[in-house]
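# Close look at the chain arrangement
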Amino acid sequence: MRTNRFMPGFKTPEELRDIQLQGLQWTVNHAYNGSPGYRKKLSDAGIRPGDIQSMGDLQRLPFTTADDLREGYPFPLLCVPQDRVVRIHASSGTTGKKKVLCYTQKDIDDWAHFFARCYEMAELTLEDRVQIAVGYGVWTAGVGFQLGCEKFGAMAIPAGPGNMEMQCQFLVDFQSTVMCCTASMGLLLAEEVHRRGLRDKINLKKMIFGSERSSDAMRARMRELLGVEHMFDIPGMTELYGPGTGLDCVHHAGIHYWADYYILETIDPDTLKPSGEGEIGEMVVTSLRKEAVPMIRYRTRDLTRLIPGECPCGSPLPRHDRLLGRTDDMIIFRGVNMYPRQIDQILSGMEGISCEYQIVLDRRGDGKDHMTVKAERRQGVDASQNDALGRKIAAQIKHSILVSADVEIVDYGSLPRSERKSRRVFDNRE
Ligand code: ZN
């Protein structure tokens, strides 16, 4: 049974709309008066703080982008005096300057509160023991997992990432019931537990995966090796406090997000117009209570879709789908827009195939683009199956994505695994 200590008080979409409108009015006013950068952006768009009268006015607000954050380096869009800042985190972007975000004490407290809500959504109890195997430091936010866990009242085991020997020992000695890690690390851990024959000596019930998408096949493998009851996806980004901005409930019918802390829109990344109901689009977020660096229509570059209707759990918190990739992950192959996630989904549904894969794109002598999908055979499946498996996958790719790919089946364990995010797309076309 889910407790109700950290869930919001609203019951209906109308009540939520009132909370959001109030938060939006506060945020626009606060940003306008607190940051010269925001004041200029808003003024350029013809917006003054008093102009926000209804949720429809959200559409009139200008977008904020990663460039706005980089331009203000080191402390972009800061809306409070520097002496109110109690912490910074930085986003480990892959190109150019890092994005550094400031937090006030209230921001930290809010983050801990809604992170505690994640554990509540996952139906933890005070008896749970939470092994936190994610990074701690300026780039990563293990501290979010930790503060939320302590606020919730479960036992936090701040293990940090990697070090499988130690992780296995903690699982056995401390009888951890919940594991927080990346999905890649979860898989490594599962294989390690299996290799050491520890399955009957551990007490793991739930896993919470941050910062990386996990495929259905990876999940199936971990479930098989660890026997856990539930696996959850925890979204989050430094621009919006950090991880913990939502969680799927035990029905796993989408991620409930904390709509009393931020507004989530999805837009078509090309036209910038709202995506249709239930359609995939770029996730755009607007914070409602963030003091140090509020976000106004921040374009996250993450793709997802809003899930209409009510969840079987009855929570009034709305839902979005798992993250379906980045707008810049989009592969344009022979004129077709596709996402690695689509290949992932095809392979996940395929018997005899493991969850590791690579997509290699080449431009050959004929001037045409070619795609090769390398997929691993599952452990125990014979190599004589290669041709049949390859043909089946190629046909499925053709059928669902409408592109042709060469499929190469490789031995189980031959593609690289990593504790962090695994690189899966190799575009050699330029
Ligand atoms: Zn639910």
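The paragraphs below set out a description of the structure included in this document. All values reported here derive from a predicted model rather than from experimental measurement.

Here is what the cut-offs are and how they apply
Residues numbered from 1 in each chain as written. Predicted model: local features only at pLDDT ≥ 70, side-chain atom pairs only at ≥ 80, totals over all residues. Heavy atoms only, no water. Donors = N, O, S within 2.8 Å, 3.2 Å for Na, K, Ca; no water. Tetrahedral: all angles 85-135°; square planar, octahedral: opposite > 155°, others 65-115°. Buried < 20%, exposed > 50% of the residue type's maximum accessible area, 1.4 Å probe, protein only. 1 Å grid on protein atoms, 1.4 Å probe; cavity = no way out; pocket = protein on both sides within 12 Å on 5 of 7 lines; lining within 4 Å. Points joined across faces, edges and corners; volume = space filled by probe spheres on them. Helix = DSSP H or I, 4+ residues; strand = E, 2+ residues; numbered from the N terminus. Nonpolar A, V, L, I, M, F, W, Y, C, P; charged D, E, K, R; others polar. Patch = residues over 30% accessible without salt bridge, like charges linked within 9 Å, V, L, I, M, F, W, Y side chains within 5 Å. Areas by Shrake-Rupley, 256 points an atom, 1.4 Å probe, with all protein chains shown as cover. Salt bridge = Lys/Arg side-chain N within 4 Å of Asp/Glu carboxyl O.

### Notes on the coordination of the zinc ion
Those protein atoms acting as donors to the zinc ion are Cys 249 (SG), His 256 (NE2), Cys 311 (SG) and Cys 313 (SG), and they sit at 2.1 to 2.3 Å. Note that the zinc ion binds four donor atoms; their angles at the metal cover 102 to 115°, and the shape is tetrahedral. In primary sequence terms, the donor set of the zinc ion follows C-x6-H-x54-C-x1-C. Look at Cys 311 and you get buried, because its relative accessible area is 4%.

### Quick notes on the layout of surface pockets
In this structure, the second largest pocket encloses a volume near 780 Å³. Together, 34 residues line the second largest pocket, and Tyr 257, Leu 306, Ile 307, Pro 318 and Arg 319 are the ones closest to its centre. Listed by contribution, the elements that provide at least two residues to the lining of the second largest pocket are helix H1 (13–34), strand E12 (262–267) and strand E15 (306–307). Split into classes, the residues belonging to the lining of the second largest pocket amount to 17 nonpolar, ten polar and seven charged.

### Considering a nonpolar patch on the surface
A cluster of nonpolar side chains, namely Phe 75, Ile 88, Val 138 and Trp 139, defines an oily patch on the protein surface of about 350 Å² accessible area. Along the chain, Val 138 turns up in the loop between strand E3 (129–132) and helix H5 (142–152). Accessibility expressed as a relative area gives 34% for Val 138, which makes it partly exposed.

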